[in-house]
2 protein chains.
Amino acid sequence: MEKVIIGKSFMRVSAAIITGALVNDKPNYLTIGACGAMSIDPTIVYISVNKAHYTNAGIKENGYFSLNLPSKDLVKKTDYIGIVSGKDTDKSTVFKAFYGSVKKAPMAEECPINMLCKVVNIIDLPRNEVFIGEIIETYINKDYIVNGKPDFKKINPLVLAGSNYWELGEILGKTYTDGKALIQSK
Amino acid sequence: MEKVIIGKSFMRVSAAIITGALVNDKPNYLTIGACGAMSIDPTIVYISVNKAHYTNAGIKENGYFSLNLPSKDLVKKTDYIGIVSGKDTDKSTVFKAFYGSVKKAPMAEECPINMLCKVVNIIDLPRNEVFIGEIIETYINKDYIVNGKPDFKKINPLVLAGSNYWELGEILGKTYTDGKALIQSK
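These lines cover the structure that appears in this document, whether it is placed above or below.

Thresholds applied
Residues numbered from 1 in each chain as written. Chains lettered and ligands numbered in written order. Predicted model: local features only at pLDDT ≥ 70, side-chain atom pairs only at ≥ 80, totals over all residues. Contact = placed C-beta atoms within 7 Å. Helix = DSSP H or I, 4+ residues; strand = E, 2+ residues; numbered from the N terminus. Nonpolar A, V, L, I, M, F, W, Y, C, P; charged D, E, K, R; others polar. Pairing = 2+ DSSP bridges. Buried ≥ 20, exposed ≤ 12 C-beta atoms within 10 Å, placed from the backbone.

1. Concerning the interface of chain B and chain A
Interface size is commonly expressed as the accessible surface area that is lost when the partners come together.
Phase 1 of the analysis: Taken together, the contacts link 80 residues of chain B with 80 residues of chain A.
Phase 2 of the analysis: Ranked by the residues each element gives to the side of chain B that touches chain A, the list is headed by strand β15 (residues 164-174) of chain B, at 11 residues.
Phase 3 of the analysis: Its residues assigned to classes, the side of chain B that touches chain A comprises 43 nonpolar, 19 polar and 18 charged.
Phase 4 of the analysis: Note that strand β1 (residues 3-5) of chain A and strand β11 (residues 128-141) of chain B share 3 bridges and pair antiparallel. For I5(A), the partnering residue across the bridge sits in β11(B) and is Y139(B).

Quick look at the structure:
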């Protein structure tokens, strides 16, 4: 099939993630797509936040941030959180804040998954600060654990692709499993 | 709703991405979930690769890697690429390799999206190497551009969540748009 170059853009397919931080001692939330895993044991993750955002100072002051996975019913709130700035809009009541063992970053109770992260490094890029964090505690709504595992159909996370929020669709296969068929056929 | 702690795990929802690299002068491919954006203009991305992998030496030797987004029809190959190691299995022919302007990393023609990345930094973690790269060229199958934009329904990327590959489902909303309704209602 014919290929064409479309600039140097990153074709993102990722979770929409709501970052929680205390800024000037009040909960603040910001929607981001730039988040991912870097290692397990310890679990190291990152978020990249444009320097223009209100959130950055709070993360640096407290040394903690949270990651919250919103579900399908939170599309409008998720988008709103990404549009308005804490500089001029109080976002502290958009979600009910709860805290884990370290009271340094709020988590959003309405989101089915919440991860509390301690900052371990900051990468300074021209436009962004990349906060590298270690996950201290991961929370999940109790009813969303099925057979001992998180059920992503119930969690129903928002996926970012292009300029849209998407729902997860059908399960297509199982990781570290379906590819074995190609080994045997060699 | 009642929350419970489930360790310190990262609840990943991300694209399944196939990394391409030249290792010992041959194309090699590896499926990863640890990939994301860090900034735009320049477009900075990262991949995190466990040090046990065959790919790492090739990325370091050549200074380039590629990111390839597989689509629905490539579930088995994507999983296979993540199960078998280039140390003992030749994966060079699993995909048809093509090259961009810099012949330092192969891209997988069968994948509808391909991004060529130049390594700009490496973060050394205990188990993983985090390759930070700048995207040099982004390729897309010509037919998947609709009204000047990538059409993610046509691209049909594989999403990783839990231990499954998922299809994108329904569009739930538009970014930087749907949240405006909550601003007006204040």
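2. Focus on the environment of S101(A)
Phase 1 of the analysis: With respect to the secondary-structure elements, S101(A) resides in the loop between β8 (97-98) and β9 (107-108).
Phase 2 of the analysis: Taking the C-alpha atoms as reference, S101(A) lies 36 Å from S163(A); in sequence the two are 62 residues apart.

3. Digging into the pairing of strand β3 (residues 17-23) of chain A
All names here are of chain A.
Phase 1 of the analysis: Burial runs high along β3: 7 of the 7 residues are buried.
Phase 2 of the analysis: Judged by which residues are buried, β3 turns out to be covered on both faces: I17, T19, A21 and V23 on one side and I18, G20 and L22 on the other are all buried.
Phase 3 of the analysis: Relative to strand β4 (residues 26-32), β3 is paired through 7 bridges, and the arrangement is antiparallel. Bridge pairing in β4 places G20 opposite Y29.
Phase 4 of the analysis: With antiparallel pairing between neighbouring strands as the criterion, β3 and β4 make up a hairpin whose turn holds 2 residues, including N24 at a positive phi of roughly 50°.
Phase 5 of the analysis: As judged from the 3 bridges shared by β3 and strand β7 (residues 64-69), these two strands associate in the antiparallel manner. Looking at the pairing, I18 lines up with N68 of β7.

4. Focus on the pairing of strand β11 (residues 128-141) of chain A
Residue and element names in this part refer to chain A.
Phase 1 of the analysis: Burial of β11 is extensive: 11 of the 14 residues sit out of reach of the surface.
Phase 2 of the analysis: Judged from the 7 bridges that link them, strand β6 (residues 44-50) and β11 form a sheet pairing that is antiparallel. By the bridge assignment for β11, V45 is matched with G133.
Phase 3 of the analysis: Here 11 bridges tie strand β10 (residues 113-124) to β11, and the two strands are oriented antiparallel to one another. Residue pairing in the sheet places I122 in a bridge with F131 of β11.
Phase 4 of the analysis: Hairpin remark: β10 followed by β11, antiparallel, with 3 residues in the connecting loop.

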